[in-house]
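# Remarks on the overall topology
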Amino acid sequence: CLCLLFTLCGPVCPLYAPTPPRSAFSVARTSTMMGHSSRLQDKPPLTFDVEYVNIGGHFNKSSGLFTCHFPGAYFFAFTVGKHPRKAVSVKLMTGKGEVQAIAFDEDTSKRREMQSQSLLLSLHRGERVWLYSQQDERYAVYSNQGRYTTFSGFLVYPDPEAAPTSQDRTQL
Ligand SMILES: *[C@@H]1O[C@H](CO)[C@@H](O)[C@H](O)[C@H]1NC(C)=O
């Protein structure tokens with residue numbers, strides 16, 4: 001029986017190898033999002049319609065929100081298209097709207113361009129991460145079926161207390 005096996009081999013028993021925390025997403029937009037000036041103070045997240053990967057289901061493409069389930073260090077990267085005659089300014093936000101990084105292009109020529117940004121963030125459980133595109137008529141995020149605009153993130157290292165392996169070790 002499995003209990004006997006566990007007693008015999010303890011935590012090294014391959015049958016009891018705990019599943020390491022898994023969290024990874026990669027999404028894209030297939031349409032442009034034009035900025036709209038508004039009096040509202042909220043900063044609506046940029047949403048997505050194509051999901052390449054969503055391991056753990058921690059990214060909600062309809063709301064544009066990533067929610068941290070496993071505290072640790074996460075890698076995030078995003079690439080945004082610049083619309084002809086518009087500028088682009090997209091911020092990576094956390095918590096109540098703290099700006100962590102910006103991808104920016106103020107060129108309002110008819111050229112289409114791409115900008116990108118990437119970073120590692122230390123997140124706690126329940127913390128949210130999203131992209132905010134400047135809500136102003138001068139700005140837009142360009143995309144189409146070519147999927148110029150993408151957002152990806154994944155857990156690199158879980159915090160030691162969150163890793164089931166170390167939890168198991170302290171319990172034994
Ligand atoms: C994802 O976000 C949408 C829009 O906010 C919401 O209606 C839906 O319930 C969310 N899905 C999950 C699984 O939380």
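Before reading on, note that the structure itself is shown above.
The following paragraphs examine the structure supplied in this document. (Residues numbered from 1 in each chain as written. Predicted model: local features only at pLDDT ≥ 70, side-chain atom pairs only at ≥ 80, totals over all residues.)

Our focus in this paragraph is unusual backbone geometry. Unusually for a residue other than glycine, arginine 85 sits at a positive phi of about 65 degrees. Along the polypeptide, arginine 85 turns up in the loop between β6 (72-82) and β7 (88-94). Positioned with a positive phi, arginine 147 is a non-glycine residue whose angle comes to about 55 degrees. (Helix = DSSP H or I, 4+ residues; strand = E, 2+ residues; numbered from the N terminus.)

All right, on to the nonpolar core then. One finds Phe78, Val90, Leu131 and Val141 to be the most contacted residues of the largest nonpolar core, which totals 30 residues. In contact with valine 141, other than residues within four places in its own chain, are Thr32, Met33, Leu46, Val80, Gly81, Val88, Val90, Ser133 and Thr149. (Core = buried A, V, L, I, M, F, W, Y, C linked by C-beta atoms within 7 Å. Buried ≥ 20, exposed ≤ 12 C-beta atoms within 10 Å, placed from the backbone. Contact = placed C-beta atoms within 7 Å.)

Once that is clear, we can look at the sheet that holds β7. Taken together, five strands build an open sheet; the order of strands is β4-β5-β10-β7-β8 and the sheet is antiparallel. Since the sheet does not close on itself, it has two edges, and those belong to β4 (59-60) and β8 (98-105), each with one partner. Bridge analysis of β7 against β8 gives seven bridges, and the strand direction is antiparallel. Bridge pairing links lysine 91 to isoleucine 102 in β8. (Pairing = 2+ DSSP bridges.)

Right, let's talk about the sheet that holds strand β3 (residues 50-55) for a bit. Taken in spatial order, the five strands line up as β3-β1-β12-β6-β9 in an open sheet, and their pairing is antiparallel. Looking at strand neighbours, the two that pair on one side only are β3 and β9 (113-123), the edges of this open sheet. Averaged over all pairs of adjacent strands, the angle between strand axes in this sheet comes to 10 degrees, irrespective of strand direction. Bridge count between β6 and strand β12 (residues 149-158): eight bridges; the pairing is antiparallel. Counterpart to glycine 72 in the pairing with β12 is proline 158. (Axes fitted to C-alpha atoms, helices over the stretch in contact; angles between N-to-C directions.)

On to the pairing of β12. Remark: a regular strand shows side chains that alternate across the two faces of the sheet. Relative to β12, strand β1 (residues 24-29) runs antiparallel, the two being bridged by six bridges. Directly across from phenylalanine 25, in β12, lies its bridge partner glycine 153.

This next bit is on the pairing of β1. Sheet topology places β1 next to β3; five bridges connect them, and they run antiparallel. Pairing of alanine 28 across the sheet is with valine 50, part of β3.

On to the environment of glutamate 127. With respect to the secondary-structure elements, glutamate 127 resides in the loop between β9 and β10 (128-133). As a C-alpha pair, glutamate 127 and lysine 96 span 31 residues in sequence and 9.3 Å in three-dimensional space. Excluding its chain neighbours within four sequence positions, the residues that come into contact with glutamate 127 are Cys68, Thr94 and Gly95.

Next up on the list: the environment of phenylalanine 104. Summarising the element assignment, phenylalanine 104 is placed in strand β8. The sequence separation of phenylalanine 104 and lysine 82 amounts to 22 residues, and the corresponding C-alpha distance is 9.1 Å. Residues contacting phenylalanine 104, with those up to four places away along its chain left out, are Val88, Ser89 and Gln115.

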